[in-house]
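Each chain is listed here by its residues.
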Amino acid sequence: MTILLEFKEKLRSFYGKYEIYLLPVIKFLLALGVFWMIRQKIGYMERLNSLSLLLIVALACSVLPMAVMLLAAGALITLHCYALSMQAGVIMFVLFVIMYLLYFRFASGYGYNALLAPIACALGFPYVMPVANGLLQHPASVIPTICGVITYYFLNGIMASETSLSIADDEEGMIGRFQEIIKQFVGNREMYLAVALFAAVTVTVYVIRRLSVDYAWTIAIVIGMLIQFLGFFIGYMEIGLSSRTSALVIGSLISLALLFILQFFFFNLDYTRTERVQFEDDEYYYYVKAVPKSYVATREKKVKKISSRKKRESRDTVTRKELMEDMEIYMDEEDR
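Residues numbered from 1 in each chain as written. Predicted model: local features only at pLDDT ≥ 70, side-chain atom pairs only at ≥ 80, totals over all residues. Heavy atoms only, no water.

Regarding its fold elements, the protein presents 15 helices and two strands. Relative to its full complement of 336 residues, the protein shows a buried share of 39%. Pairs at least 24 residues apart make up 69% of the contacts formed inside the protein by residues separated by at least 6 positions. When the accessible area of the protein is evaluated, it comes to approximately 20,800 Å², of which 63% is carbon and sulfur surface. (Helix = DSSP H or I, 4+ residues; strand = E, 2+ residues; numbered from the N terminus. Buried < 20%, exposed > 50% of the residue type's maximum accessible area, 1.4 Å probe, protein only. Contact = heavy atoms within 4.5 Å. Areas by Shrake-Rupley, 256 points an atom, 1.4 Å probe, with all protein chains shown as cover.)

All told, the structure shown has two cavities of 30 Å³ or more when counted by the stated rule. The space that makes up the largest cavity amounts to roughly 310 Å³. Sorting the residues of the lining of the largest cavity by element identifies helix 2 (19-42), helix 4 (66-84), helix 5 (86-106), helix 6 (111-123) and helix 8 (142-160) as the ones contributing at least two each. The element best represented in the lining of the largest cavity is helix 8, accounting for seven residues. Estimated volume of the second largest cavity: approximately 30 Å³. If you go around the second largest cavity, the residues you meet are Y153, F154, G157, I158, I181, Q184 and F185. Looking at the lining of the second largest cavity, the elements with two or more residues in it are helix 8 and helix 10 (171-186). Looking at which element gives the most residues to the lining of the second largest cavity, the answer is helix 8, with four residues. Its residues assigned to classes, the lining of the second largest cavity shows five nonpolar, two polar and no charged. (1 Å grid on protein atoms, 1.4 Å probe; cavity = no way out; pocket = protein on both sides within 12 Å on 5 of 7 lines; lining within 4 Å. Points joined across faces, edges and corners; volume = space filled by probe spheres on them. Nonpolar A, V, L, I, M, F, W, Y, C, P; charged D, E, K, R; others polar.)

This next bit is on helix 1 (residues 2-17). For helix 1, which comprises 16 residues, the first-to-last C-alpha distance of 22 Å matches the rise-based estimate of 22 Å (1.5 Å per residue) to within 8%. Buried residues belonging to helix 1 abut helix 13 (245-266). (Expected span 1.5 Å × (residues − 1).)

F35 and F232 are the most contacted members of the largest nonpolar core, which totals 71 residues. Dropping the residues within four chain positions of it, F232 is found in contact with Y127, L193, A194, L197, F198 and L248. (Core = buried A, V, L, I, M, F, W, Y, C linked by side-chain atoms within 4.5 Å.)

What follows deals with the layout of surface pockets. Its boundaries defined by the atoms lining it, the largest pocket holds a volume of some 1,200 Å³. Y112, L116, L136, L262 and F266 are the residues nearest the centre of the largest pocket, which is lined by 26 residues in total. Mapped onto the lining of the largest pocket, the elements with two or more residues apiece are helix 1, helix 2, helix 6, helix 7 (128-136) and helix 13. With six residues, the top contributor of residues to the lining of the largest pocket is helix 6.

One non-glycine residue, Y215, lies in positive phi territory at about 60°. Note that Y215 resides in the loop between helix 11 (189-209) and helix 12 (216-238).

Our focus in this paragraph is the environment of V131. Considering the arrangement of structural elements, one finds V131 in helix 7. Between the C-alpha atom of V131 and that of L256, which follows or precedes it by 125 residues, the distance is 9.5 Å. When near neighbours in sequence (up to four residues on either side) are disregarded, V131 contacts V201, V205, I221, G224, M225, Q228 and L259.

A word on the packing of aromatic side chains. Inspection of every chain in the model, using the stated rule, returns eight aromatic pairs. For the ring pair F96 and Y100, a centre distance of 5.9 Å and an interplane angle of 20° mean the geometry is stacked. Placement of both F96 and Y100 in helix 5 is noted, with a separation of four residues, approximately one turn of the helix. Across the pair, Y100 and F96 agree in class, each one buried. Measuring from ring centre to ring centre gives 6.1 Å for F229 and F233, while their planes differ by 20°; the resulting arrangement is stacked. In this pair, F229 and F233 both sit in helix 12, four residues apart, roughly one turn of the helix. With relative accessibility at 27%, the residue F229 sits in the partly exposed group. (Phe/Tyr/Trp six-rings, centres within 6.5 Å; stacked < 30°, edge-to-face > 60°.)

The next point concerns the pairing of strand 2 (residues 285-290). For strand 1 (residues 275-280) and strand 2, the ladder comprises six bridges, and the chain directions are antiparallel. Each bridged residue has a counterpart across the sheet, and for F279 the counterpart in strand 2 is Y286. Hairpin connection, strand 1 to strand 2: the antiparallel pair is bridged by four residues. (Pairing = 2+ DSSP bridges.)

In this section: helix 12. Here helix 12 spans 33 Å end to end across 23 residues, near enough to the 33 Å set by a 1.5 Å rise per residue. Inspection of helix 12 places A216, W217, A220, I221, G224, M225, Q228, G231, F232, G235 and Y236 among the buried residues, and these make up the whole buried set. The elements touched by buried residues of helix 12 are helix 7, helix 11 and helix 13. Once helix 12 ends, the next one or two residues include G240, with phi positive near 80°.

Quick look at the structure:
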């Protein structure tokens, strides 16, 4: 455990020292990962699939605000959907406008949640997102997370209807496309289940982790994951998706491991040394509970330099040249 604590402190010290360089690198990798996932899933417009183009856009997003990365991702998705079907592009554009308005109004500081949520969904462990939101952020942070989840399910519906959306250019076919896309989106009960559970879990975890009880974060993680597991398990049974239960178990275990790693780095406390302090002033009594963080000072190597002056202290005599150097008197070339 001591080794892990030392590693954590070294990592935090390293990030604090080089944050100005590491943050653009992290943003670049996040942007590139999002753009690459869009390319792999819905790369219908060939001109936007160029790796050099994605690298340039990701590099620009690394030094610009997070809102620019969101706009770039939304523009890529909309253009790819438009290349498949004009109706899909229009609906995607309207959906993004609504989500951006909600994001800028209520949760402008949590834009990366909208990018991490679909990535987590694609990797199979989206259950980590609402619990992490409740642990580290305000409940309003669930709004961009839900926007990312909605985008993920919408794109899955587009991919499922890819064949029918790429044909029929007459007027009746255009109306049929709109109806099919809206039906795929509005009738997606799994999406409603995920949105409801994510919102409920974020609020629940936020309330529990703020309680003045021992192991509040651990309790919040366990209860949040339990609510999600039971909610998705019962929901899958009700909507006829029982085949998803095995992926639910694996994804929940991975999410649980990631959340405990998150707790170790952000909220690792030593409850064995808890102290309770009581004091008063003219108006109030104060009851304070102090829980120290688990901390281990990193061992640093110290090199002791022994100067020539200290060596001379062991001698009884000092030469004329050494004396003049100590008094900062310099000889001329002739005297030397």
